[in-house]
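Understanding the architecture of this molecule
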Amino acid sequence: LKVFLFLTNCVSHFTMLLSGKMQLLAKTGQVAQPACPCRTTAPVSRGQVCVQAAGQKGAPEGTPVVTPQDLPSRPRRNRRSETVRSAVRESILSPSNFILPLFVHDESDQNQPIPSMPGCFRLAYGKNIIDFVAESRSYGINQVVIFPKTPDHLKTSTGEEAFNKNGLSQRTIRLLKDAFPDLEVYTDVALDPYNSDGHDGIVRDDGVIMNDETVEFLCRQAVSQAEAGADCVSPSDMMDGRVGAIRRALDREGFTEVSIMSYTAKFASAFYGPFRDALESAPKSGGPSNRIIPPNKKSYQMDPGNYREALREVRADEAEGADIMMVKPGMPYLDMVRFLRDNSSLPVAVYHVSGEYAMLKAAAERGWLDEKAAAMESLLCFRRAGADLILTYYGAQAAKWMAGEK
């Protein structure tokens, strides 16, 4: 016990002596007091705030003094400047990624504005569409997809105008390929622009959309487009087996080099309204004949609530000979873009549809969004999700923004 008390007393005296020595050294400046983390030389004790930091390093007065976190990894180091950010950016957006949708009409020589799609027009067949494509090419866009507005008097319940060799779509293909031989021209393969009932397929009197009979006409349509000079036909109809049937029809007629971009995962979406305004192609009522015309396209387009079902479409399209697979719409279905990217080695396209475009335009017109920033972010998100190609009504404007124009 005596030994224990003696040792305790020694430790106590040693502690007092050491404390006094440290205080003396601090007074003479031989030992620095805790320094401000903002690298000023002013001593700061626990509980104080860094006043000097505001003047020397830009930190506002009242900034707390803290001990730097012991973080071996600080992700913000790779975001500290535009040079670093651009160097390590994982997804790059370019005009070469864009496919520009072209609405075309031949009712006059004037472009027709589309009220529900501000900034978009039905382009007049002839010089107007040539001039628009020429300007877009000057900004790096060299891919277009054609959507013709068919006059009502040419529409029928079976849509034979779809494969008229002198139809508006076929004439537009020839016009563009004659003017720009290296332009990549895509087409839409579906009956709704030509169908008086407004559906992608032939409607039976009891309201059933006829699958195999529709596919026969889709094959004729695709072949007529290939004959006109199309580089890639794009079945958007969602009929079962249409990709394989179109591939066989094209090959049989000698068009083995014409590609197929399939609308693999096209959903029965509420975002298509402005597009149907542009082409006046929405489903119609049965009229006085009492025929049943479905008011929507849910019996052949995918259910918005489904995810795994897309895998069946992916496997079918790959097996049937698709060259590119598409997701439509875009922003609400980024998960599907990634799903296709992860489950297929084929290029993936996404359609930034009319409703998405109209929403951005409406918000920008009201000053609720910065249009350029929001549109460019949307397009970049498609690339990040895994899309190689983007069909977008912002294509021409986005290419100009990328070129530095306001």
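Scroll up to find the structure this text is about.
Here goes a summary of the coordinates provided. (Residues numbered from 1 in each chain as written. Predicted model: local features only at pLDDT ≥ 70, side-chain atom pairs only at ≥ 80, totals over all residues. Heavy atoms only, no water.)

1. Details of the overall build of the chain
The secondary structure content of the chain amounts to 13 helices and 12 strands. Expressed as a percentage of its 406 residues, the buried residues of the chain come to 47%. Once local pairs closer than 6 in sequence are excluded, the contacts in the chain between residues at least 24 apart make up 72%. For the chain, the accessible area works out to roughly 21,000 Å², and carbon and sulfur atoms hold 53% of it. (Helix = DSSP H or I, 4+ residues; strand = E, 2+ residues; numbered from the N terminus. Buried < 20%, exposed > 50% of the residue type's maximum accessible area, 1.4 Å probe, protein only. Contact = heavy atoms within 4.5 Å. Areas by Shrake-Rupley, 256 points an atom, 1.4 Å probe, with all protein chains shown as cover.)

2. Here we look at the packing of aromatic side chains
One pass over the full model with this rule turns up 12 aromatic pairs. Centre to centre, the rings of Phe103 and Tyr393 are 5.7 Å apart; their planes meet at 15°, and the pair counts as stacked. A residue pair is termed long-range when its members are at least 10 positions apart, and Phe103 in strand β1 (residues 98-105) and Tyr393 in the loop between β12 (389-392) and α13 (395-402) qualify at 290 residues. Overall, Phe103 belongs to the buried group, its relative accessible area being 2%. A residue is classified by how much of its surface remains accessible, and Tyr393, at 8% relative accessible area, is buried. Between Tyr351 and Tyr393 the ring centres are 6.0 Å apart and the planes differ by 45°, which places this aromatic pair in the tilted class. Taken together, the residues Tyr351 in strand β11 (residues 348-352) and Tyr393 in the loop between β12 and α13 connect sequence positions 42 residues apart. (Phe/Tyr/Trp six-rings, centres within 6.5 Å; stacked < 30°, edge-to-face > 60°.)

3. Brief notes about the pairing of strand β8 (residues 232-235)
Looking down a regular strand, the side chains alternate between one sheet face and the other. Side-chain alternation along β8 places Cys232 and Ser234 on one buried face and Val233 and Pro235 on a second face that is also buried. Alignment of strand β5 (residues 184-189) against β8, held across four bridges, turns out to be parallel. Looking across to β8, one finds that Asp188 is bridged to Ser234. Looking at chain direction, β8 and strand β9 (residues 259-266) are connected through two bridges and run parallel. Of the residues in β9, the one forming a bridge with Val233 is Ile260. Handedness of the crossover joining β8 and β9 through helix α7 (residues 242-252): right-handed. (Pairing = 2+ DSSP bridges. Right-handed = clockwise from strand over helix to strand, strands pointing away.)

4. Observations concerning the environment of Val258
With respect to the helices and strands, the residue Val258 is situated in the loop between α7 and β9. For the pair Val258 and Ala222, spaced 36 residues apart in sequence, the C-alpha to C-alpha distance is 9.8 Å. Apart from the residues within four sequence positions on either side, Val258 is in contact with Ala226, Ala230, Asp231, Cys232, Val233, Arg247 and Leu250.

5. So, helix α9 (residues 309-320)
With 12 residues, α9 extends 17 Å from end C-alpha to end C-alpha; this agrees with the ideal 16 Å at 1.5 Å per step. Buried within α9 we find Ala310, Glu313, Val314 and Asp317. Angularly, the buried residues of α9 cover 105° about the axis, an arc narrow enough to put them on a single face. Away from its buried face, by an angle of more than 90 degrees, α9 presents the exposed residues Arg312, Arg315 and Ala319. Where α9 is buried, its residues touch α7, β9, β10 (324-328) and α10 (334-343). (Expected span 1.5 Å × (residues − 1). Arc of directions from axis to C-beta.)

6. Notes on the side chain of Asp188
One can find Asp188 in strand β5. No salt bridge is formed by the buried Asp188, whose closest oppositely charged neighbour, Lys266, lies at an N-O distance of 6.1 Å. With sequence-adjacent residues up to four places away left out, Asp188 is seen in contact with Val145, Ile146, Phe147, Pro193, Gln221, Gln225, Ser234, Ser236 and Tyr263. (Lys, Arg positive; Asp, Glu negative; His and termini not counted. Salt bridge = Lys/Arg side-chain N within 4 Å of Asp/Glu carboxyl O.)

7. Things to note about a positive patch on the surface
On the surface, a cluster of positive charge is contributed by Arg74, Arg76, Arg77, Arg79 and Arg80. Take Arg77: it is sitting in the loop between α2 (52-56) and α3 (82-88). (Patch = residues over 30% accessible without salt bridge, like charges linked within 9 Å, V, L, I, M, F, W, Y side chains within 5 Å. Charge placed at Lys NZ, Arg CZ, Asp CG, Glu CD.)

8. A closer look at empty space enclosed by the protein
One pass over the structure, following the stated rule, counts one cavity of 30 Å³ or more. Space inside the largest cavity adds up to approximately 100 Å³. Lining the largest cavity are 13 residues; nearest its centre among them are Asp192, Lys266, Phe275, Lys297 and Lys328. Elements represented by at least two residues in the lining of the largest cavity include exactly β9 and α8 (273-279). (1 Å grid on protein atoms, 1.4 Å probe; cavity = no way out; pocket = protein on both sides within 12 Å on 5 of 7 lines; lining within 4 Å. Points joined across faces, edges and corners; volume = space filled by probe spheres on them.)

9. Let's talk about the environment of Val314
Tracing the chain through its elements places Val314 in helix α9. By relative accessible area, which is 0% here, Val314 ends up buried. Between the alpha carbons of Val314 and Ser344 there is a distance of 7.5 Å; along the sequence they are 30 residues apart. Once residues within four sequence positions are removed from consideration, Val314 is found in contact with Thr264, Met325, Leu340, Asn343 and Ser344.

10. Quick notes on the pairing of β12
In β12, alternate side chains face the same way, and those of Leu389 and Leu391 on one face and Ile390 and Thr392 on the other are all buried. Bridge analysis of β11 against β12 gives four bridges, and the strand direction is parallel. In the sheet register, Val350 faces β12, and the bridge partner there is Ile390.

11. A look at the layout of surface pockets
One number sums up the size of the largest pocket: a volume of about 350 Å³. Along its surface, the largest pocket is lined by 20 residues, and Met238, Met239, Asp240, Tyr300 and Glu313 are the ones closest to its centre. Element by element, the count of residues in the lining of the largest pocket is highest for α9, at six residues. Within the lining of the largest pocket, the residues separate by chemical class into seven nonpolar, four polar and nine charged. (Nonpolar A, V, L, I, M, F, W, Y, C, P; charged D, E, K, R; others polar.)

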